[in-house]
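Structural overview
Here is what each chain is made of, one letter per residue.
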Amino acid sequence: MITPKIKTGDTVRVLRGKDAGKKAKVVAVLPQEDRVVIEGLNTVFKHVKPRQSGQKGQRVSISAPIPLANVQVICAACKKGTKVSITRENGVRQRTCKQCNAVIE
Ligand SMILES: [Zn+2]
């Protein structure tokens, strides 16, 4: 399994789909599916069945995962959407911005 270059807490920009151009925070990474869940984006309505009789079913909005290929990390140093390269410094895996070479935390 390849470790995703995006991790929880990153700010990303969506490149494709209905939320294209929007920026938000990654709240979950699903490496097996090559998808990420982004706060408040790609929302879909999910129908929740009533758990007890007499209750009404509800529609709740959740953020559906979107493919990793459709998002780009925003570099904190240059504020640009960028590709991330993985480098090793003294055996420590680092992510660096391909635009400005800053290390991305
Ligand atoms: Zn940068």
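For clarity, every value in this text was computed on a predicted model and none was experimentally measured.

Criteria and thresholds
Just so you know, the residues in each chain are numbered from 1, in the order the chain's sequence is written. Totals for whole chains, interfaces and linings use all residues, but because this is a predicted model, local features are given only for residues with pLDDT of at least 70 and pairs of side-chain atoms are given and counted only at 80 or more. Each helix is a run of H or I in the DSSP string that is no shorter than four residues. Each strand is a run of E no shorter than two, and both are numbered from the N terminus. Each radius of gyration reported is based on C-alpha atoms, and the globular scaling rule is 2.2 Å times the count of residues to the power 0.38. Counts of 20 or more other C-beta atoms within 10 Å of a residue's own C-beta define buried residues, counts of 12 or fewer define exposed ones, and intermediate counts define partly exposed ones; C-beta atoms are placed from the backbone. Here contacts are defined at the residue level, using C-beta atoms placed from the backbone and a cut-off of 7 Å between them. Note that domain bounds follow an automatic or database assignment of domains. In this classification, Asp, Glu, Lys and Arg are treated as charged, Ala, Val, Leu, Ile, Met, Phe, Trp, Tyr, Cys and Pro as nonpolar, and every other residue, Gly included, as polar. Residues of type Ala, Val, Leu, Ile, Met, Phe, Trp, Tyr and Cys that are buried and joined through C-beta atoms within 7 Å form what is called a nonpolar core. The criterion for strand pairing is that DSSP finds at least two bridges linking the strands in question.

The helix and strand tally for the protein chain stands at 0 helices and 11 strands. Ordering the α and β elements of the protein chain from the N terminus gives β-β-β-β-β-β-β-β-β-β-β. Since a compact globule built from 105 residues should have a radius of gyration of about 13 Å, the 17 Å found for the protein chain marks it as more spread out than a globular shape. Seen through its C-alpha atoms, the protein chain measures out along the principal axes to roughly 60 × 30 × 20 Å. Counting over 105 residues, the protein chain shows a buried share of 17%. Within the protein chain, residue pairs in contact and separated by at least 24 positions form 39% of the contacts whose partners lie at least 6 positions apart.

By the assigned domains, the protein chain splits into domain 1 (1–50 + 57–74) and domain 2 (75–105). Here the C-alpha centroids of domain 1 and domain 2 sit 21 Å apart. Contacts between the two partners involve 5 residues from domain 1 and, on the opposite side, 8 residues from domain 2. Per-element tally for the side of domain 1 that touches domain 2: the top contributor is strand E7 (residues 71–74), with 3 residues. Residue classes in the side of domain 1 that touches domain 2 are distributed as 2 nonpolar, 1 polar and 2 charged.

This part is about the nonpolar core. Grouped together as the largest cluster of nonpolar side chains are 13 residues, with contacts concentrated most on Ile6, Val12, Val26, Val36, Ile38, Ile66 and Val71. If you list the elements that add at least two residues to this core, you get strand E1 (11–14), strand E2 (23–30), strand E3 (35–38) and E7. With residues up to four places along the chain from it excluded, the contact list for Val36 reads Ile6, Val26, Ala28, Val29, Leu30, Pro65, Ile66, Leu68 and Val71.

Further remarks concern the sheet that holds E3. Across a sheet, paired strands are connected by hydrogen bonds in the backbone, their directions being either parallel or antiparallel. Here 6 strands make up an open sheet; going across it, the order is E6-E3-E2-E1-E7-E8 and the pairing antiparallel. The open sheet is flanked by strand E6 (66–67) and strand E8 (81–82), the only strands paired with a single partner. Direction of pairing for E2 relative to E3: antiparallel, over a ladder of 4 bridges. When the sheet's bridge partners are listed, Val26 is paired in E3 with Ile38.

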